[in-house]
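Examining the three-dimensional arrangement
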Amino acid sequence: MPTTTSGFFLQCASRGTLELVLPAADTPFGVEHHRREEASGPWRHVATFAGGLGPVEAVSLIQSNFGDPGHLEAVVRAGDRLAAFWCAPSSEPSWSEPRFFAEGAAGDPALIQGGSGGKGNFELVVPHASGGIAHYHRDNDTAELGWRGPVIFGEGLGRFEAVAMIQRVAGAPHGPHAPGDLEVVARVGDRLLMFWRSPGSGAGWHGPEEVVSGVRGTPALFRSAIGGSATLELFSPLARVGLARWCRDDGAHGARFRGPTVFATDLGRCEAVSVIESWPLGRIELAVRAEGRVVHAARDGALWSQRAILGNAPPSPADVPSPATLPPPAATPSRPPAATPSRPPAATPSRPPPSTSSPPPAPLPTGASPRLRAGPHRAGFRRIGALSLSADACYPDTWPFQGALYRCPARSAALLYYPASADGEEAPLSAGGPFPVIAIAHERRLATSAATAGSPAGLAQDYRQLAGVMAHLARWGFVVVAPDLSWLTPDDAPLRRAAVLRDALTHLRAGSRGPLLADFARVGLIGHGLGAQAALALALDAACPFDVRALALLAPAGAPERALPIDALAPRPALVVRGTADPIAASVPAALYDRARAPKHLVTLPGANHFGYTTSLGLVEPLDGHAGLSRREQQAIAMGYLAAFFNGYLRDARGDLDALSGKASLEGLEAREIPVDAEVPDGGAGS
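All values reported here derive from a predicted model rather than from experimental measurement.

Notes on the overall build of the protein
A count of helical and extended segments in the protein gives five helices and 37 strands. By the burial criterion, 57% of the 687 residues in the protein qualify as buried. Taking as baseline every contact in the protein between residues at least 6 positions apart, the subset at least 24 positions apart corresponds to 62%. A total accessible area of about 26,400 Å² is found for the protein, and carbon and sulfur atoms account for 53% of it.

This is the structure in structure tokens:
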């Protein structure tokens, strides 16, 4: 039976599984799909999709009557654009590529499959950027399955922020399954207003009726049949803490909602709620986003049970201490806090170079997954589409390489992240500048055939590979830019790549997109894989007009005998991060670290492969090693050390360097043994 209640949480009608989707807070970007197969079983992450969209602000999920069993369908908002996805609800779901169909969205969308038409149209409402609410529908009786709209209503009431929608059943005399009114509850400020519309293409929207006030976040509206009488139930986060429930008889419009019943105040400030009536137990179940967690709550009678699914939502933009001094995360009911060792991790007696074959990943100690906190800012981003290239970055004409011809673009592209007061594209700049600047050189161009199933389309946009790293550093107060290097030949000659990296910094300093309050006297560089040689080349360029003060090399690759003289970088610091399951970088990271002079730091990630640092890109075997870490874990650990490194050397936050010198564990990694080697002028060697 198709879903007639909007939300991000449902029970699959064909499998009985609970399905949950939510925006990924850090990395990989896109939408995370989680599932629980059994009533008493654990939740597990089954897929991440929409990674190519960058940061996703909201998603709504339904099960449709397309396919057998019915497909899962989602509408995702990234920036102001809406994209539709679908997948079969298999044990390992594979989501489709995005189908963009609308712009101008500005809040959480609400998607259902209604009863209009032979197949049942998709109905969607979403707050509109210019005010009011936009209504779209997809005609599922046509071959092209095209979306139509928008019809705007409520435009004179201001800027709405969230909506929820259901379709009622008309009942007698129209028949037991005849479609009834579409009903929408929408939040403007701290008030919830209700609108309704009769079925049929020519019907208009009516309302509003004011329902309640004193609320925040995204509400849930749902029709319950528990107890034998139809009841319209409304759940919403409260303005302060916890959730509230209101209900009314599912009768005529204008009937007053009874309540509220306040509960879940122990969850703190809640952001969003989604509700289902599960079977075969016939109980109300909620998914709640609150205080950086997602909590699954179920009601048996008058009692609510709660179970944390995961910590995923970003923290509120309050002042947060530096990465090396954060307090341990609060324990959740489903995961006890990890024990904190009384001493730093044991020293590693030797450091043999990794094998060029793909070794089995090193076993990981038991303990909690890393939960490294984000910084005090949010992450805004911009797309740069008119990056001018200097003469030494360009080929004279065409450049043949391995049977292909490479050409320079007239203008190149780049991705920019910066500290902001809100997450999202073109978000307002955060206070507290000027901010240090970091430029990133990404890994080489990949053939489409090399990517695993589920990797995003448009692999040519390689400069988005490390968007998760960029967003994390932006939240810690850095302006981060990654120019497109994919039009250059995929060899290990670094000078042209270094020139493009310099051109991106020049573009930012020119202020062509407005002031960023960027401090170009404090510049850091990051290079991933082949990009490490480009970052090193720019750092060693005596003619570089920027004060490069720190260099981080993430799984550096290339021919060791052709590597630039990294020892000439001193006294500027270098960080080398390598993984034990990385056959691409092989022995290069250890060789570069050995040749570098103090201050230098080497972090070895047990089980990390080469492309696990990217937001969603994976390679078919044997092009990359089999990772012993999940992508989220690998990225979280690497981002924690990168933030500590640049805080320490670009901001003189020397306390952050303890975790990079073997003197302390990085916060959130107390239960992990992460080998760290270091040589610093005032402290000698550390391990």
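With respect to the packing of helix 2 (residues 495-509) against helix 3 (residues 531-540)
At a minimum axis separation of 8 Å, helix 2 and helix 3 run at an interaxial angle of 70°. The orientation of helix 2 relative to helix 3 falls into the category roughly perpendicular. Between helix 2 and helix 3 the crossing geometry is right-handed. Every residue of helix 3 that contacts helix 2 at Leu495, Arg497, Ala498, Leu501, Arg502 and Leu505 is listed here: Ala534, Ala535, Ala537 and Leu538. Per-class residue counts for the contact of helix 2 with helix 3 are eight nonpolar, no polar and two charged.

Quick notes on the sheet that holds strand 1 (residues 9-11)
Taken together, four strands build an open sheet; the order of strands is 1-2-3-4 and the sheet is antiparallel. Edge positions in the sheet fall to strand 1 and strand 4 (43-49), since each of these pairs with one other strand and no more. The average undirected angle you get between the axes of adjacent strands in this sheet is 20°.

Considerations on helix 4 (residues 588-595)
Within helix 4, six of the eight residues are buried, which leaves it mostly tucked inside the rest of the structure. Within the sequence span of helix 4, burial applies to Val588, Pro589, Ala590, Ala591, Leu592 and Tyr593. Buried residues along helix 4 sit against strand 33 (548-554), strand 34 (574-579), strand 35 (600-605) and strand 36 (676-680).

Some words on unusual backbone geometry
In this chain, aspartate 68 is followed by proline 69 through a cis amide linkage whose omega measures 5°. Looking at where proline 69 falls in the secondary structure, it is placed in the loop between strand 5 (58-63) and strand 6 (72-78). For the peptide bond that leads from glycine 207 to proline 208, omega is 15°, which places it in the cis range. Among the structural elements, proline 208 can be located in strand 16 (residues 205-213).

Examining the nonpolar core
Membership of the largest hydrophobic core comes to 52 residues, with the highest contact counts inside it found for Tyr417 and Phe646. The dominant element in this core, judged by the number of residues it contributes, is helix 5 (residues 631-650), at 11 residues. Membership of the second largest hydrophobic core comes to 51 residues, among which are Leu501, Leu505, Val523 and Ala563.

Digging into the environment of aspartate 181
Of note, aspartate 181 is situated in strand 14 (residues 179-188). With a relative accessible area of 18%, aspartate 181 lands in the buried category. In the structure, aspartate 181 is positioned 19 residues away from glycine 200 in sequence and 9.5 Å away in space, judged by C-alpha atoms.

Observations concerning the sheet that holds strand 12 (residues 147-153)
Here four strands make up an open sheet; going across it, the order is 9-10-11-12 and the pairing antiparallel. Looking at the sheet topology across the chains shown, the edges are occupied by strand 9 (110-113) and strand 12. Along the sheet, successive strands turn relative to each other by an average axial angle of 20°, direction set aside. Alignment of strand 11 (residues 133-138) against strand 12, held across five bridges, turns out to be antiparallel. The partner of isoleucine 133 across the bridge, within strand 12, is phenylalanine 153.

Describing the side chain of threonine 17
Mapped onto the fold, threonine 17 is located in the loop between strand 1 and strand 2 (18-23). Judged by its relative accessible area of 3%, threonine 17 falls in the buried class. Within the local environment of threonine 17, its side chain forms a polar contact with the side chain of glutamate 19, the two groups lying 2.5 Å apart.

A short note on the pattern of salt bridges
What the rule picks out here adds up to 19 salt bridges. Between arginine 283 and glutamate 285 there is a salt bridge, with its nearest N and O atoms 3.2 Å apart. Residues arginine 283 and glutamate 285 agree in their burial class; the two are buried. Via salt bridges that share partners, Glu37, Arg44 and Glu92 belong to a single interconnected network.

Side note on the environment of tyrosine 395
Within the secondary structure layout, tyrosine 395 lies in the loop between strand 25 (378-387) and strand 26 (398-401). Sequence separation of tyrosine 395 and arginine 496 is 101 residues, and the distance between their C-alpha atoms is 8.8 Å.

What to know about empty space enclosed by the protein
Counting across every chain of the model gives six cavities of 30 Å³ or more. In this structure, the largest cavity spans a volume of roughly 160 Å³. Around the largest cavity sit 22 residues that line it, and Gly7, Phe8, Val59, Asp108 and Thr218 are the ones nearest its centre. Every element with two or more residues in the lining of the largest cavity is listed here: strand 2, strand 5, strand 13 (162-169) and strand 21 (270-278). Among the residues making up the lining of the largest cavity, the classes are represented as 14 nonpolar, five polar and three charged.

With respect to helix 5
Between the first and last C-alpha of helix 5 there are 28 Å, a value that for 20 residues agrees with the 28 Å anticipated at 1.5 Å per step. Most of helix 5 sits inside the fold, with 18 of its 20 residues counted as buried.

Quick look at the packing of aromatic side chains
Tallied over the entire structure, the rule returns 17 aromatic pairs. With a centroid separation of 6.1 Å and 70° between ring planes, the pair formed by phenylalanine 66 and phenylalanine 122 is classed as edge-to-face. Taken as a pair, phenylalanine 66 in the loop between strand 5 and strand 6 and phenylalanine 122 in strand 10 (residues 122-127) lie far apart in primary sequence, 56 residues in all. By relative accessible area, which is 16% here, phenylalanine 66 ends up buried. Taking the centre distance of 5.2 Å and the plane angle of 70° together, the rings of phenylalanine 153 and phenylalanine 195 count as edge-to-face.

Some points on the packing of helix 1 (residues 467-475) against helix 5
Packed helices, taken two at a time, are described by the angle their axes make and the gap between the axes. Two elements in contact, helix 1 and helix 5, have axes whose closest approach is 10 Å; the angle formed by their N-to-C orientations is 45°. Considered as vectors, helix 1 and helix 5 are oriented oblique to each other. The two elements helix 1 and helix 5 cross, and the hand of that crossing is right-handed. The segment helix 1 lies against helix 5, with Gly468, Val469, His472 and Leu473 engaging Met639, Gly640, Leu642, Ala643 and Phe646.

So, how was this worked out
- Residues numbered from 1 in each chain as written.
- Predicted model: local features only at pLDDT ≥ 70, side-chain atom pairs only at ≥ 80, totals over all residues.
- Heavy atoms only, no water.
- Helix = DSSP H or I, 4+ residues; strand = E, 2+ residues; numbered from the N terminus.
- Buried < 20%, exposed > 50% of the residue type's maximum accessible area, 1.4 Å probe, protein only.
- Contact = heavy atoms within 4.5 Å.
- Areas by Shrake-Rupley, 256 points an atom, 1.4 Å probe, with all protein chains shown as cover.
- Axes fitted to C-alpha atoms, helices over the stretch in contact; angles between N-to-C directions.
- Parallel < 35°, antiparallel > 145°, perpendicular 65-115°, else oblique.
- Left-handed = near helix turned anticlockwise from the far one by under 90°.
- Nonpolar A, V, L, I, M, F, W, Y, C, P; charged D, E, K, R; others polar.
- Pairing = 2+ DSSP bridges.
- Core = buried A, V, L, I, M, F, W, Y, C linked by side-chain atoms within 4.5 Å.
- Polar contact = N/O pair within 3.5 Å; in protein donor to acceptor, adjacent residues only side chain to side chain.
- Salt bridge = Lys/Arg side-chain N within 4 Å of Asp/Glu carboxyl O.
- 1 Å grid on protein atoms, 1.4 Å probe; cavity = no way out; pocket = protein on both sides within 12 Å on 5 of 7 lines; lining within 4 Å.
- Points joined across faces, edges and corners; volume = space filled by probe spheres on them.
- Expected span 1.5 Å × (residues − 1).
- Phe/Tyr/Trp six-rings, centres within 6.5 Å; stacked < 30°, edge-to-face > 60°.

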